[in-house]
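Listed below are the residues making up each chain.
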Amino acid sequence: MKTARLQAADVKTRIPPADFYRAELPAMPAPRGAGWRDGGLCPFHSDRHAGSFRVNLSVGSFVCFSCGAKGSDIVAFVQMRDGLSFPDAMARLVEEWGLA
Ligand SMILES: [Zn+2]
């Protein structure tokens, strides 16, 4: 993987969590401000009622109070979304966001 030289900190700096979640969560209400926000429908269970999935648009953390999915940043989100290891999730972010 030729993307290995991009460190996690670089990836997280170059992909603002607010932009990432706006792209990932079509049901997320329009972001206003930073910090913890309603993420709309949880992508990790068949969610029919918005309100239990929260994302932190400052640091990228996410948590679902319904199914228990949670993580500390957008790399963790991609790991869970796609079932990837940390390095593979990093590589996918680099690819999807054109950072290579
Ligand atoms: Zn959930």
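Residues numbered from 1 in each chain as written. Predicted model: local features only at pLDDT ≥ 70, side-chain atom pairs only at ≥ 80, totals over all residues. Heavy atoms only, no water.

Let's talk about the pattern of salt bridges
Taken as a whole, this structure holds 6 salt bridges when the rule is applied. With a shortest N-O distance of 2.7 Å, R81 and D82 are connected by a salt bridge. Counted as one network, the salt bridges with shared partners bring together E24, R81, D82, R92 and E96. (Salt bridge = Lys/Arg side-chain N within 4 Å of Asp/Glu carboxyl O.)

Focus: helix 4 (residues 86–96)
Among all positions of helix 4, only A89, M90, A91, L93 and V94 are buried. Elements in contact with the buried residues of helix 4: helix 1 (8–14), helix 2 (17–24) and helix 3 (74–82). Just beyond helix 4, the residue with positive phi is G98, at close to 60°. (Buried < 20%, exposed > 50% of the residue type's maximum accessible area, 1.4 Å probe, protein only. Helix = DSSP H or I, 4+ residues; strand = E, 2+ residues; numbered from the N terminus. Contact = heavy atoms within 4.5 Å.)

Focus on the coordination of the zinc ion
On the protein side, the zinc ion has C42 (SG), H45 (ND1), C64 (SG) and C67 (SG) as donor atoms, found 2.0 to 2.3 Å from it. When the donor residues of the zinc ion are listed from N- to C-terminus, their spacing reads C-x2-H-x18-C-x2-C. Linking C42 in the loop between strand 1 (36–38) and strand 2 (53–56) with C67 in the loop between strand 3 (62–64) and strand 4 (70–71), this pair joins segments that are 25 residues apart in sequence. (Donors = N, O, S within 2.8 Å, 3.2 Å for Na, K, Ca; no water.)

Describing the side chain of D73
As for its placement among the helices and strands, D73 is situated in the loop between strand 4 and helix 3. A polar side-chain atom of D73 sits 3.1 Å from the main-chain amide nitrogen of V75. There is a polar contact of 2.8 Å between the side chain of D73 and the backbone nitrogen of A76. (Polar contact = N/O pair within 3.5 Å; in protein donor to acceptor, adjacent residues only side chain to side chain.)

Digging into the nonpolar core
Counting 27 residues, the largest nonpolar core has V11, F20, Y21, F53, V55 and L93 as its most contacted members. Counting residues per element, the ones that place at least two in this core are helix 1, helix 2, strand 2, strand 3, helix 3 and helix 4. Counting residues per element, this core draws most heavily on helix 3, at 5 residues. (Core = buried A, V, L, I, M, F, W, Y, C linked by side-chain atoms within 4.5 Å.)

Points about the sheet that holds strand 1
Overall, antiparallel pairing links the 4 strands, which are arranged 1-2-3-4 in an open sheet. Two strands in the sheet have a free side with no partner beyond their single neighbour: strand 1 and strand 4. Helix-sheet contacts for helix 3 involve strand 2, strand 3 and strand 4, and the interaxial angle to strand 3 is about 45°. (Pairing = 2+ DSSP bridges. Axes fitted to C-alpha atoms, helices over the stretch in contact; angles between N-to-C directions.)

Some remarks on helix 2
Considered for burial, the residues of helix 2 that qualify are P17, A18, F20 and Y21. Down the axis of helix 2, the buried set is contained in an arc of 160°. They therefore lie on one face. (Arc of directions from axis to C-beta.)

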